[in-house]
Amino acid sequence: SVVLVEVPGVYQAIKNVSMDLAHDWRLHTRAMFQDVFAHGYVVTDFVSQQREDGNRRNFYVLEYEPPQFAMRR
């Protein structure tokens, strides 16, 4: 299966508003990536989309990789 993980397109703006919020966001994202990696997912792509309103959306694309294929990368 495929999982998309959205990350802010304007991380610097988050830092400018609140360093605590930026730090919490980083810790949450780190924990989520550690969890999905532990369950056999790997990052296979990064997609960035510019919206009509000028905002950018960014996604990591993760796919499940069965253990027998993990060592082939």
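Every value quoted in this text rests on a predicted model; they were computed, and no experiment measured them.

S.K.: Can you break down helix α2 (residues 19–38) residue by residue, with the values?
M.R.: Along its 20 residues, α2 runs 29 Å from first to last C-alpha, staying within 8% of the 28 Å computed at 1.5 Å per residue. Those residues of α2 not exposed but buried are A22, T29, F33 and V36. Looking straight down α2, one finds that the buried residues subtend no more than 70° of arc, so they occupy a single side. Within α2, the exposed residues directed more than 90 degrees away from the buried face are D20, H28, R30, Q34 and A38.

S.K.: Please provide a residue-by-residue account of the sheet that holds strand β2 (residues 41–50), values included.
M.R.: The antiparallel open sheet is built from three strands, whose spatial order is β1-β3-β2. Only two strands of the sheet have a single partner each, and these edge strands are β1 (2–8) and β2. On average, adjacent strands in this sheet sit at an angle of 25° to one another, irrespective of strand direction. Note that β1 and strand β3 (residues 56–64) share seven bridges and pair antiparallel. Across the sheet, V3 pairs through a bridge with L62, a residue of β3. Against the sheet, α2 touches β1, β2 and β3, its axis set at about 165° to β1.

Scoring rules and cut-offs
Residues numbered from 1 in each chain as written. Predicted model: local features only at pLDDT ≥ 70, side-chain atom pairs only at ≥ 80, totals over all residues. Heavy atoms only, no water. Helix = DSSP H or I, 4+ residues; strand = E, 2+ residues; numbered from the N terminus. Expected span 1.5 Å × (residues − 1). Buried < 20%, exposed > 50% of the residue type's maximum accessible area, 1.4 Å probe, protein only. Arc of directions from axis to C-beta. Pairing = 2+ DSSP bridges. Axes fitted to C-alpha atoms, helices over the stretch in contact; angles between N-to-C directions. Contact = heavy atoms within 4.5 Å.

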